[in-house]
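Summary of structural features
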Amino acid sequence: MLCVLTRTATRTSLVKPCRLLSPLPVVQISERPLVHQESLPKLPVPPLQQTCVRYLASLEPLISEEEMTHTHKLMDEFLRPGGVGERLQKSLERRARKTENWLTDWWMQSSYLDSRMPVAMYTSPGVVLPKMHLQDRQGQMRFAAKLIAGVLDFKSMIDSDTLPVEYLGGKPLCMDQYYQVLSSCRIPGPKRDTVVNYAIGKTPPTHITVVHNFQFFVLDVYNSDGSPLTVDQLYVQLEKIWNSSLQTNKEPVGILTSNHRNTWGKAYNNLIKDKTNKESVRSIQKSIFTVCLDAPKPRVSDEMYFNKVAAQMLHGGGSRWNSGNRWFDKTLQFIIGEDGSCGLTYEHAPAEGPPIVFLVDHVVDYMKRSEMVRTPMIPLSMPQKLRFNITPEIKKDIEKAKQNMNIMVHDLDVRVLNFTHYGRKFPKSHKMSPDAFIQMALQLAYYRMYQTCCPTYESTSLRMFKLGRTEAVRSTTTESLQFTKAMDDPSKHNSEKAALLEKAIKVHRKHTHMAIHGQGIERHMLGLKMIAIEDLTSLPEIFMDTSFAVASHFNLYTSQVGSKTDCVMCLGPMVPDGYGICYNPMDDHINFAVTAFNSCEETNATKLSQFLEDSLLDMKTLLEQVSKTQ
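Residues numbered from 1 in each chain as written. Predicted model: local features only at pLDDT ≥ 70, side-chain atom pairs only at ≥ 80, totals over all residues. Heavy atoms only, no water.

Selection criterion: UniProt positions are given in the numbering used here, feature names are shortened, and annotations may be inferred rather than shown by experiment.
Identification of the protein chain as Carnitine O-acetyltransferase from Sinocyclocheilus rhinocerous is taken from an unreviewed UniProt entry. For the protein chain, the Sequence similarities (unreviewed entry) comment in UniProt is given as "Belongs to the carnitine/choline acetyltransferase family." According to the UniProt record, the Subunit (unreviewed entry) comment for the protein chain reads "Monomer."

Points about the overall build of the protein chain
The criterion, for reference: By definition, any uninterrupted DSSP run of H or I lasting at least four residues is a helix, any uninterrupted run of E lasting at least two residues is a strand, and each is numbered from the N terminus. Within these notes, the globule rule equals 2.2 Å times the number of residues to the 0.38 power, and the radius of gyration is based on C-alpha atoms. Exposure is judged per residue with a 1.4 Å probe applied to protein chains only, and the accessible area is read against the type maximum: over 50% gives exposed, under 20% gives buried, and values in between give partly exposed. Only heavy atoms enter the contact rule, under which two residues are in contact if any of them lie within 4.5 Å.
Each helix and strand in the protein chain was counted, giving 20 helices and 20 strands. Relative to a compact globule of 630 residues, whose C-alpha radius of gyration would be 25 Å, the protein chain shows 25 Å and is just as compact. By principal-axis analysis of the C-alpha atoms, the protein chain measures approximately 75 × 60 × 50 Å. Burial status across the protein chain gives 60% buried among its 630 residues. Counting contacts in the protein chain only where the partners sit at least 6 residues apart, residues at least 24 apart contribute 77% of the total.

What to know about the side chain of His362
Considering the arrangement of structural elements, one finds His362 in helix H11 (residues 353–368). In this structure, His362 is in contact with Gly150, Asp153, Phe154, Met157 and Arg369, ignoring residues within four places of it in sequence.

Some details on the sheet that holds strand S15 (residues 456–461)
Just so we agree on the cut-off: Each pair of strands is called paired provided DSSP finds at least two bridges between the two strands. For helices, the fitted axis covers only the stretch in contact; all axes are lines through C-alpha atoms, and the angles between them, taken along N-to-C directions, range from 0 to 180 degrees.
Pairing in this open sheet of six strands is mixed, and the strands run S14-S20-S19-S17-S15-S16 from one edge to the other. Either end of the sheet is taken by a strand with one partner, and the two such strands are strand S14 (412–419) and strand S16 (470–474). Across this sheet, the average inter-strand angle for adjacent strands is 20°, counted without regard to direction. In this sheet, strand S20 (residues 590–597) lies alongside strand S19 (residues 579–585) in antiparallel orientation, the contact comprising six bridges. Bridge pairing in S20 places Cys582 opposite Ala593.

Focus: the pairing of S19
Within S19, seven of the seven residues are buried, which leaves it mostly tucked inside the rest of the structure. Residue alternation in S19 divides its side chains into two sets, Tyr579, Ile581, Tyr583 and Pro585 and Gly580, Cys582 and Asn584, and both sets are buried. Pairing geometry for strand S17 (residues 556–560) and S19, over five bridges, is parallel. The residue bridging Thr558 from the neighbouring strand is Ile581, located in S19. Taken together, S19 and the strand that follows it, S20, pair antiparallel across an intervening segment of four residues.

Notes on the packing of helix H2 (residues 48–59) against helix H3 (residues 65–78)
Keep this limit in mind: Roughly parallel covers angles under 35 degrees, roughly antiparallel covers those over 145, roughly perpendicular covers 65 to 115, and oblique covers all other angles. Here the nonpolar group is Ala, Val, Leu, Ile, Met, Phe, Trp, Tyr, Cys and Pro; Asp, Glu, Lys and Arg are the charged ones; every other residue, Gly included, is treated as polar.
Relative to each other, H2 and H3 sit at 170°, their axes nearing to 11 Å. The angle between the axes of H2 and H3 places the two elements in the roughly antiparallel class. Contacts from Leu48, Cys52, Tyr55, Leu56 and Leu59 of H2 reach H3 at Met68, Thr71, His72, Met75 and Phe78. Of the residues belonging to the contact of H2 with H3, the class tally is eight nonpolar, two polar and no charged.

What about the environment of Ser244?
Going by this rule: A 3.5 Å cut-off defines polar contacts: any pair of N or O atoms within that distance qualifies, except that in protein one atom must be a possible hydrogen donor and the other a possible acceptor, and neighbouring residues in sequence count only when both atoms are side-chain atoms.
Mapped onto the fold, Ser244 is located in the loop between helix H7 (231–243) and helix H8 (261–271). Each C-alpha atom, one on Ser244 and one on Ser258, is 26 Å from the other, the two residues being 14 residues apart in sequence. For Ser244, the residues in contact, after removing those within four places along its chain, are Gln215, Phe217, Met382 and Lys385. Polar contacts involving the side chain of Ser244 include one to the main-chain carbonyl oxygen of Lys240, which spans 2.9 Å.

What about the UniProt feature "active site" (unreviewed entry) in the protein chain?
When the UniProt feature table is mapped onto this chain numbering, "active site" (unreviewed entry) sits at His348. You can call His348 buried: its relative accessible area is 1%. A distance of 3.3 Å separates polar atoms of two side chains, one belonging to His348 and the other to Tyr112.

Some words on the domain arrangement of the protein chain
For the record, the criterion: Where a domain begins and ends is set by an automatic assignment or by a domain database. By buried area we mean the combined loss of accessible area, with a 1.4 Å probe, across both parts when two parts are placed together. Between Lys or Arg on one side and Asp or Glu on the other, a salt bridge is scored when a side-chain nitrogen of the former is within 4 Å of a carboxyl oxygen of the latter.
Each assigned domain of the protein chain is listed here: domain 1 (63–98 + 420–629) and domain 2 (124–411). On the domain 2 side, the residues contacting the 26 residues of domain 1 number 29 residues. Both faces considered, domain 1 and domain 2 share a buried interface measuring about 2,200 Å² in area, 55% of it formed by carbon and sulfur atoms. Three residues, Arg463, Met569 and Cys570, lead the burial of domain 1 against domain 2; their summed loss comes to 32% of the area buried on that side. At the boundary of domain 1 and domain 2, one finds two salt bridges. A salt bridge links Glu352 to Arg469; its shortest N-O distance comes to 2.3 Å. Along the contact surface separating domain 1 from domain 2 lie 14 residue pairs in polar contact (both at pLDDT 80 or more). Those elements that place two or more of their residues in the side of domain 1 that touches domain 2 are strand S18 (568–570) and S20. Grouping the amino acids of the side of domain 1 that touches domain 2 by side-chain chemistry returns 12 nonpolar, nine polar and five charged.

Structural notes on the side chain of Gln312
Along the chain, Gln312 turns up in helix H10 (residues 302–315). Side chain to side chain, Gln312 and Asp294 meet in a polar contact 2.8 Å long. With residues near it in sequence (within four places) discarded, Gln312 still touches Asp294, Lys297, Gly317, Asn322, Arg326, Ile335 and Ser341.

Examining the pattern of salt bridges
Inspection of the entire model under this criterion finds 27 salt bridges. A salt bridge links Arg192 to Asp114; its shortest N-O distance comes to 2.6 Å. Of this pair, Arg192 sits in the loop between strand S6 (184–187) and strand S7 (194–197) while Asp114 sits in the loop between helix H5 (104–113) and strand S3 (126–128), and the two are 78 residues apart along the sequence. Judged by its relative accessible area of 46%, Arg192 is partly exposed. For Asp114, a relative accessible area of 31% corresponds to the partly exposed category. Where Asp294 meets Arg326, a salt bridge forms, and the shortest distance between an N and an O atom there is 2.8 Å.

Looking at helix H15 (residues 478–487)
Within H15 the residues assigned to the buried category are Ser480, Leu481, Phe483, Thr484, Ala486 and Met487. Taken together, the buried residues of H15 touch helix H14 (434–450), helix H16 (494–516) and helix H20 (605–629).

Here is the structure:
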């Protein structure tokens, strides 16, 4: 039995995760995670007046006075007593009472499953792990074997309900997302996709998929007694796979998954008409996760290394390289290059940052342990190679997907900035939130580059609530604009600039706190709009307003990914003329990844990275100078 992810799934109404960013540390405590699920509070519906006032305030730095006057009129109409706003709010509150989480299904659909853009680069993030010094393919196999064992060790905690519960500010977080990461896969549809979780059912999967030279293999990772294969056993099986997939002239069926969703949906239906193809596709979809053994890429300078590897994690480098060595619909794909590059990409619909980062941290820790497990002497059967019958029509679909992928690869510029001058300890020493400090540096960098500010999206967590996903913090505020303008104004004293920075950081922290506690504006506005689409004959004018479109066009799409591992996470921009920016603040350095599209003349990832580095240095100098004079 397979289970499409709806809120009726048996275990804990299993759902999907969120990139965590918060001013408080997340603490893990060993206790049974599912005990807490039922007692978690429901996501509230914020007061209508509060959201509307805050929405108008968020527009102030972004639109003209004339547009603001017009939007105020529309808002007055929307909030008229007994008017459309009140009606929508009441409907939304009714939905909140009837459902476990009023937002989650809508968010899953509107943000992911309804989107028709390719998942590669547009929604799937990549994670770069520290470079492994692998000497040869044996090193690659040994590393892959240890990684697989580490993920299976993590899976044992999921299976036995012994995953440590996470707490934020003394409150337990929803652990539900962790149950979506393994054995799940996105399925393309002609107009809307679905996500299937095969872990829920009588016979959960016991195999992973391994792909090498574009050829897929089923690798059973458990012995007949239910014990996981040891690292030595996995190594032997990976060697068999490697040796039986040496020919590189195979059709890269996996590249079909990188296509525009409608195109892939049609090709998918065509592909699975054939019984052999259908069985092979099902084996991939059902697998616990995928391991991609990548061919080595051409050597690059140390300076360019992380840029290239981040790009490889996002898209594989194009059809000539490793883009066909993927199944982009699979939730988890670990990528291990023969050259020591390693990391993963994950399909975003069933999972966001924290479970992935926690899993990565666990696997990295596991791989540092020495191996003491004795390997059973039982000979293992050959891993099953998955066969595909390629008709001329499928061949045509593959060629088209190759062309599209190569266009996308050439269009995405990826820049990794390893900022080594200081890390999160520095803002903390000045009693400032490291996250808010970095967000202000991003505001300053953008302002210096364009002489204006832009709508900025920062992802934060709603996991304090049952089935919580994400909320967005709008980092561009009147206060952040005042700070960025003052920073390069020679008429302003340093003390005034520092005071404006402190004020902007306080406002950002307040907005983050409200968002984490279910009082954000972004998802509430989405909820009101979704209710209007379902209940009304026409959308209220406030949602048709130019200001609404302007404020939702996020030129800066940002996310903090806090990991114990010194990794780099990267994602593509949200809009054609925007940037995707991920950052992992460590104690004494910060890892950034900045992406932009080459097809947009206005954006330049390298240039923004340089402005960002300068901004971070200038903000440090400012605070140090002010401290000296006090």
